[in-house]
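# Survey of secondary and tertiary structure
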Amino acid sequence: MKRHPFEPARLISGLTALTVGTAYGLDALGIWHAPGPWLFLVIPAGLVLSGITAALWATVRRHRAQDADEPPISQRPETA
């Protein structure tokens, strides 16, 4: 099976959706009463957090790719 790259933004989005789905399910079963405004605020908050995470992750990957392209200090040509 082909390996997929780790994407933390998708993980956060999935956990947010899973949390809200579980809350709605528990509310429907009568086990837990979910406050309405709380559930409506969790989705946008999760999406904002996911967007911030995606931007940070892209910056980290870009920085690592640039570092991999540079030769080690011992092999750099000396400039006078």
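Attention in this report is confined to the structure presented alongside it. Within each chain, residues carry numbers counting from 1 in the order of the written sequence. Owing to the predicted nature of the model, reporting of local features is limited to residues with pLDDT of at least 70; listing and counting of side-chain atom pairs is limited to 80 or more, with chain, interface and lining totals taken over all residues. Each side-chain value is worked out from all heavy atoms of the structure, with water and hydrogens disregarded.

## Things to note about the environment of Gly51
- Going along the chain from the N terminus, every DSSP run of H or I of four or more residues is numbered as a helix, and every run of E of two or more is numbered as a strand. Locating Gly51 in the fold gives a position in helix α2 (residues 36-69).
- Partly exposed residues are those whose accessible area sits between 20% and 50% of the maximum for their type, while under 20% is buried and over 50% is exposed, using a 1.4 Å probe and protein chains only. According to the relative accessible area criterion, Gly51 is partly exposed, its value standing at 38%.
- Sequence spacing of Gly51 and Arg10 is 41 residues, and the spatial spacing of their C-alpha atoms is 9.5 Å.

## Some words on helix α1 (residues 8-29)
- What a helix should span is 1.5 Å times the count of its residues minus one. Between its first and last C-alpha atoms α1 spans 31 Å; for 22 residues at 1.5 Å apiece the expected length is 32 Å, and the two agree.
- Where α1 ends, the next residue or the one after it, Gly30, has phi of about 80 degrees, a positive value.

## Details of the pattern of salt bridges
- Salt bridges, as used here, are contacts in which a Lys or Arg side-chain nitrogen is within 4 Å of a carboxyl oxygen on Asp or Glu. The full count for this structure, using the stated rule, is 1 salt bridge.
- When the shortest N-O distance is used, the salt bridge between Glu7 and Arg10 registers 3.1 Å.
- Taking the relative accessible area as the measure of exposure, Glu7 reaches 35% and is therefore partly exposed.
- Judged by its relative accessible area of 62%, Arg10 is exposed.

## Thoughts on a nonpolar patch on the surface
- Together, Leu26, Leu29, Ile31, Trp32 and Trp38 give the surface a local cluster of nonpolar side chains, amounting to about 520 Å² of exposed area.
- Mapped onto the fold, Ile31 is located in the loop between α1 and α2. Distance thresholds for patches are 9 Å for like charges and 5 Å for nonpolar side chains (Val, Leu, Ile, Met, Phe, Trp, Tyr), applied to residues having over 30% relative accessible area and no salt bridge. Each accessible area is a Shrake-Rupley estimate made with a 1.4 Å probe; only the visible protein chains count as cover when residues are assessed.

## Quick look at the side chain of Ser50
- Residue placement: Ser50 occurs in helix α2.
- By the convention used here, residues are in contact when the closest approach between their heavy atoms is within 4.5 Å. Each residue touching Ser50, except ones within four places of it in the same chain, is listed here: Ala9, Ile12 and Ser13.

## Some details on the environment of Val48
- Mapped onto the secondary structure, Val48 falls in helix α2.
- Along the primary structure Val48 and Ala9 are separated by 39 residues, whereas in three dimensions their C-alpha atoms are 9.9 Å apart.

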